[in-house]
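# Structural overview for review
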Amino acid sequence: SSTSVMTLSFSLLRLLGKRLFSTSHSSVDPKEMRKFQLLAQKWWDEDGEYSALHSMNDIRVPFIRDTLLSMSSNYSLGSPLSGVKILDVGCGGGLLSEPLGRLGASVTGIDPLEDNIRTAERHKSFDPVLAKRIQYKSSSLEEIVEESMETFDVIVASEVVEHVADLEMFIKCCSQVLKPEGSLFITTINKTQLSYILGIVIAEKIIGIVPEGTHEWEKFVPPEELENLLESNGFSVKAVNGMLYNPLWGSWSWIESTSVNYAMHAVRSGAQGQSDPTDTPAEVSSEQPSATAA
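Since we're looking at a predicted model, the values are computed, not measured. (Residues numbered from 1 in each chain as written. Predicted model: local features only at pLDDT ≥ 70, side-chain atom pairs only at ≥ 80, totals over all residues. Heavy atoms only, no water.)

## Focus on the sheet that holds strand E4 (residues 152-158)
Quick reminder of the rule: Any two strands are treated as partners once DSSP identifies two or more bridges connecting them. Working definition: helices are DSSP H or I runs of at least four residues, strands are E runs of at least two. Numbering for both runs from the N terminus. Angles shown run from 0 to 180 degrees and are taken between the N-to-C directions of axes, each axis being a line fitted to C-alpha atoms and, for helices, limited to the stretch in contact. What makes two residues a contact is simply this: any of their non-hydrogen atoms within 4.5 Å.
In spatial order, the strands read E3-E2-E1-E4-E5-E8-E6-E7; together these eight strands make up an open sheet with mixed pairing. Of all strands in the sheet, those with a lone pairing partner are strand E3 (134-138) and strand E7 (251-255), marking the two edges. Taking the axes of each pair of neighbouring strands and ignoring which way they run, one obtains an average angle of 20° across the sheet. Sheet analysis places strand E5 (residues 178-189) next to strand E8 (residues 261-268), joined by seven bridges and oriented antiparallel. Looking at E8, one finds that Ile189 is bridged to Asn261. Each of E4, E5, strand E6 (235-246), E7 and E8 touches helix H3 (residues 51-70); the most contacted strand, E7, lies at about 40° to it. On the sheet, helix H7 (residues 167-177) packs against strand E1 (85-89), E4, E5, E6 and E8 and is oriented at approximately 145° with respect to E5.

## Some remarks on helix H9 (residues 223-231)
We count it as follows: Buried, partly exposed and exposed residues are distinguished by accessible area as a fraction of the type maximum, computed with a 1.4 Å probe on protein chains only: under 20%, between the cut-offs, and over 50%, respectively. Directions are taken from the helix axis to each C-beta atom, and the arc is the one they span.
Within the sequence span of H9, burial applies to Pro223, Leu226, Leu229 and Leu230. In a view along the axis of H9, the buried residues occupy a sector of 125°, so they form one face of it. Facing away from the buried surface of H9 by more than 90 degrees, the exposed residues are Glu224 and Asn228. Turning to H9, the residues buried within the fold contact H7, E5, E6 and E8.

## A word on the nonpolar core
What counts is decided by this rule: The nonpolar core is taken to be a set of buried Ala, Val, Leu, Ile, Met, Phe, Trp, Tyr and Cys residues, with the residues joined through side-chain atoms within 4.5 Å.
Counting residues in each nonpolar core, the largest one holds 33 residues, and the members touching the most others are Leu81, Ile86 and Leu100. Listing elements by their share of this core, those giving two or more residues are H3, helix H5 (114-124), E3, E4, E6 and E7. Tallying contributions element by element places H3 first for this core, with eight residues. The next biggest cluster of nonpolar side chains, apart from the first, holds 31 residues, and it includes Ile144, Phe152, Ile171 and Leu184.

## Quick word on the packing of H7 against H9
Quick reminder of the rule: Convention used here: angles under 35 degrees read as roughly parallel, angles over 145 as roughly antiparallel, angles from 65 to 115 as roughly perpendicular, and any remaining angle as oblique. Crossing handedness: left-handed means the near helix sits turned counterclockwise from the far one by under a right angle, and right-handed means the same turn made clockwise. Asp, Glu, Lys and Arg are counted as charged, while Ala, Val, Leu, Ile, Met, Phe, Trp, Tyr, Cys and Pro are counted as nonpolar; the rest, among them Gly, fall into the polar class.
Packing of H7 against H9 brings their axes to within 10 Å, and their N-to-C directions diverge by 45°. Considering their axes alone, H7 and H9 lie oblique with respect to each other. Regarding H7 and H9, the two cross each other, and that crossing is right-handed. Each of Leu167, Glu168 and Ile171 in H7 lies in contact with H9, whose residues at this interface are Leu226, Leu229 and Leu230. Tallied by class, the residues present in the contact of H7 with H9 amount to five nonpolar, no polar and one charged.

## Notes on the packing of aromatic side chains
Basically, it comes down to this: Stacked, tilted and edge-to-face are the three classes assigned to paired rings of Phe, Tyr and Trp, where Trp is represented by its six-membered ring and a pair needs centres within 6.5 Å; plane angles under 30 degrees give stacked, over 60 edge-to-face, the rest tilted.
By the definition in use, this model includes four aromatic pairs. Centroid distance Phe63 to Phe185: 5.7 Å. Interplanar angle 80°. Geometry classified as edge-to-face. One end of the pair, Phe63, is in helix H3; the other, Phe185, is in strand E5, and 122 residues separate them in sequence. Comparing Phe63 with Phe185 shows no difference in burial state: the two are buried. Look at Phe63 and Trp254: their rings are 5.2 Å apart centre to centre, the planes differ by 55°, and that puts the pair in the tilted class. On the criterion of sequence distance, the pair formed by Phe63 in helix H3 and Trp254 in strand E7 is long-range, its members being 191 residues apart. Considered together, Phe63 and Trp254 belong to a single accessibility category, that of buried residues.

## A closer look at the side chain of Thr108
Counted only if it meets this: Counting of polar contacts relies on pairs of N or O atoms within 3.5 Å, with two restrictions inside protein: one atom must be capable of donating a hydrogen and the other of accepting it, and residues adjacent in sequence are counted only when both atoms are side-chain atoms.
Structurally, the position occupied by Thr108 is in strand E2 (residues 106-111). A distance of 3.3 Å separates a polar atom in the side chain of Thr108 from a polar atom in the side chain of Gln135. The residues contacting Thr108, other than those within four sequence positions of it, are Ile86, Leu87, Asp88, Gln135 and Phe152.

## Description of the pattern of salt bridges
Put simply, the rule reads: One side-chain nitrogen of Lys or Arg within 4 Å of one carboxyl oxygen of Asp or Glu is enough to make a salt bridge.
Tallying each qualifying case throughout the model produces 11 salt bridges. Close ionic contact of Glu147 with Lys137 constitutes a salt bridge, the shortest N to O distance being 2.6 Å. Of this pair, Glu147 sits in the loop between E3 and E4 while Lys137 sits in strand E3, and the two are 10 residues apart along the sequence. Taking the relative accessible area as the measure of exposure, Lys137 reaches 34% and is therefore partly exposed. Note that Lys179 and Asp153 form a salt bridge whose closest N and O atoms lie 3.1 Å from each other. Of this pair, Lys179 sits in strand E5 while Asp153 sits in strand E4, placing them 26 residues apart in sequence. What you see here is one network of salt bridges that share partners, running through Glu98, Arg102 and Asp127.

In structure tokens, the structure reads:
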């Protein structure tokens, strides 16, 4: 029996070694996974820990929609994003996937945390229209690269890049699964003294609108750094817009300053390189946010 125990132990060690090796080179940060595991059931509580993300939909959804519409003349009323294939990376409980699905898009939401996907699936099931338009998968971005090369028209990574372990690999993977001329939308937090005070000290420690420990200031990404990473991986940055959260009203608005939160729109270069018409969205999308806020 001692031989069988030893054999079992070796098998377990070998399996563990395989698991560790297979996830060692990944953009997923295990520490971040543990953080979000505790909140997996709370995604759809509009007054709970994710209330700021719920209200962010008021500006991020129109930003995505209007930018995409400004790049295409082919859309239908009622379902303006019909026919558009969107990948929502780090979809959590589906807070952004659902409104994009309601606009007619075909959405794939991925998240490495299975509990998040279960929550998203359960919530989607209450709406038969969304059940057809959205599919969820428990997966990291790099795990779907091989099967999804140049598959998506749009990638959305909202409040995700400040949690990844390897940002450059993450951007490379985005480029691989996006079609040429496809759009990448990112919202994230700048790395400034102000973002530390507002985003961590006040939001997490004093007011508690974000669970304490959600963010690490060292992982915040300055827009210049993100822009350089995108440009060096075949993207052309079209718009960078500042965002501000008002905790008193629980609402977001567009502002000129990017010193705390910001949204970025980039387009993957096509085989022919960028043509002039694709420069239009930069002007449109940088003007649209103020109109939306108004």
